[in-house]
Amino acid sequence: MRAITSHSNQAYLAGYRLPTLSFSNDKLKYKSLTGIFRMIRSGDELGAKRQILNQMGTRNRMHHEERSALLVALAGAEYSIGAIDSARRFAGRALDYFPNQWAANRVLLNIQSSKQQFKSAYLHLSELDPGPVPIWDEPLTKQMRHTTLASFSWLLGDWDDVAKHLKTAFPKGVSTMPPQIQEDWFRLSLYRGRPEDAVAVAAELIVERPVDSADEILQTLVQNGWFKEALPLYRSAYESSPNSQLLRRRLVALCIREGALEEARLLTKPGALDLAA
């Protein structure tokens, strides 16, 4: 299992990107969309593009919502094949026809991310509130939206904003975060100087880790001067791995540092303690 480094560019959130549109909805209001969405899903973006352009060129009367959906599909297809400028133009036109949607905005957000325009992307997403959306749309869940905002904030180095969005994305706390987000929360606690946050997430992280990996996490607390906070976690780790000489040495050293001399004496009593680290 990999070590958790404190380098911000190695964080999960530093590489997180909003998923591209899936076009997976088959319960569509307009029959014109069904085959096109299926073609994009299968990877035939060029075929979908030809069909969309043909539909928009030969049908004079088309509801603005249907035209917007076709333009979104066109924007998504263009983005997939790397035609970024066209994708941006078609996404903008889709919003002109039907502003109440996530999908065209998601294409624009993907483009901003690909161009590393993270501040613009953050402002764009934070201000989005489409209201009621059509059935063909692909709304973001609250969790996905705030995880994405946390990612943009991470890349901008706004650590307090990252924390705010992660708390909103996972309101029930660190135990509900996926492991990679927990690791970023641990990094975040170091950047923000929040030992209480570090302890809460370290307690989750060390449970399934081998001794050496758990020790790396707990030593990070020690190296930050958070000796009092590290001590109960080392006790817990040692209880889980009582044969670990490494954890025993760490625990003895912390007990001595924190004045728990009787505990340190008991830890050394069963036998000669190999202090060679």
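Let me begin by describing the structure that accompanies this report.

Cut-off values and rules
- Residues numbered from 1 in each chain as written.
- Predicted model: local features only at pLDDT ≥ 70, side-chain atom pairs only at ≥ 80, totals over all residues.
- Heavy atoms only, no water.
- Helix = DSSP H or I, 4+ residues; strand = E, 2+ residues; numbered from the N terminus.
- Rg over C-alpha atoms; globule rule 2.2 N^0.38 Å.
- Buried < 20%, exposed > 50% of the residue type's maximum accessible area, 1.4 Å probe, protein only.
- Contact = heavy atoms within 4.5 Å.
- Areas by Shrake-Rupley, 256 points an atom, 1.4 Å probe, with all protein chains shown as cover.
- Core = buried A, V, L, I, M, F, W, Y, C linked by side-chain atoms within 4.5 Å.
- Salt bridge = Lys/Arg side-chain N within 4 Å of Asp/Glu carboxyl O.
- Phe/Tyr/Trp six-rings, centres within 6.5 Å; stacked < 30°, edge-to-face > 60°.
- Lys NZ or Arg CZ within 6 Å of the ring centre and 35° of its normal.
- Axes fitted to C-alpha atoms, helices over the stretch in contact; angles between N-to-C directions.
- Parallel < 35°, antiparallel > 145°, perpendicular 65-115°, else oblique.
- Left-handed = near helix turned anticlockwise from the far one by under 90°.
- Nonpolar A, V, L, I, M, F, W, Y, C, P; charged D, E, K, R; others polar.
- Polar contact = N/O pair within 3.5 Å; in protein donor to acceptor, adjacent residues only side chain to side chain.

Secondary structure assignment for the chain yields 15 helices and 0 strands. Its C-alpha atoms give the chain a radius of gyration of 26 Å, more than 25% over the compact-globule value 19 Å for 277 residues. A burial count over the chain gives 49% of its 277 residues as buried. Considering only residue pairs separated by 6 or more positions, the chain has 59% of its internal contacts joining residues 24 or more positions apart. Total accessible area on the chain stands at roughly 13,900 Å², and carbon and sulfur atoms take up 50% of it.

Of all hydrophobic cores here, the largest spans 42 residues; its most connected members are Leu166, Trp185, Phe186, Leu218, Leu221 and Tyr234. For this core, the leading source of residues is helix α13 (residues 227-240), giving 6 residues. With near-sequence residues (within four places) excluded, leucine 221 lies in contact with Phe186, Ala198, Ala202, Trp226, Ala230 and Leu233. Counting 33 residues, the second largest nonpolar core, distinct from the first, contains Phe23, Leu33, Ala94 and Ala104.

Okay, the pattern of salt bridges next. Inspection of every chain in the model, using the stated rule, returns 15 salt bridges. The residue arginine 41 makes a salt bridge to aspartate 26 at a minimum N-O spacing of 3.2 Å. Of the two residues, arginine 41 is situated in helix α2 (residues 31-41) and aspartate 26 in the loop between α1 (12-15) and α2; the sequence distance between them amounts to 15 residues. A salt bridge links glutamate 66 to arginine 59, with the nearest nitrogen and oxygen atoms 2.8 Å apart. Look at glutamate 66 and you get buried, because its relative accessible area is 5%. Three or more residues are tied together by salt bridges with common partners; here these are Asp160, Arg192, Arg194, Glu196 and Asp197.

Quick look at the packing of aromatic side chains now. By the definition in use, this model includes 7 aromatic pairs. A ring pair is formed by phenylalanine 23 and phenylalanine 37, whose centres lie 5.0 Å apart and whose planes are at 75°; its orientation type is edge-to-face. Here phenylalanine 23, found in the loop between α1 and α2, pairs with phenylalanine 37, found in helix α2; they are 14 residues apart in sequence, far enough to count as distant. Comparing phenylalanine 23 with phenylalanine 37, the two get one shared label, buried. Each ring, one from tryptophan 159 and one from tyrosine 191, has its centre 4.7 Å from the other, and the planes form 40°; the classification is tilted. With tryptophan 159 in helix α9 (residues 159-169) and tyrosine 191 in helix α10 (residues 179-192), this pair connects stretches of sequence that are 32 residues apart. Directly above the ring of phenylalanine 90 sits arginine 89, whose terminal nitrogen or CZ lies 5.1 Å from the centroid.

At a minimum axis separation of 9 Å, helix α4 (residues 64-80) and helix α6 (residues 103-114) run at an interaxial angle of 20°. Between α4 and α6, the angle falls in the class roughly parallel. Note that α4 runs across α6; the crossing there is left-handed. Where α4 abuts α6, its residues Val72, Ala75, Gly76 and Tyr79 lie against Ala103, Ala104, Val107, Asn110, Ile111 and Ser114. Along the lines of polarity and charge, the residues of the contact of α4 with α6 split into 7 nonpolar, 3 polar and no charged.

Let us look at the side chain of arginine 187. Position of arginine 187 relative to the elements: it lies in helix α10. Judged by relative accessible area, which is 3%, arginine 187 ranks as buried. Of note is the side chain of arginine 187, whose polar atom sits 2.7 Å from the side chain of aspartate 184.

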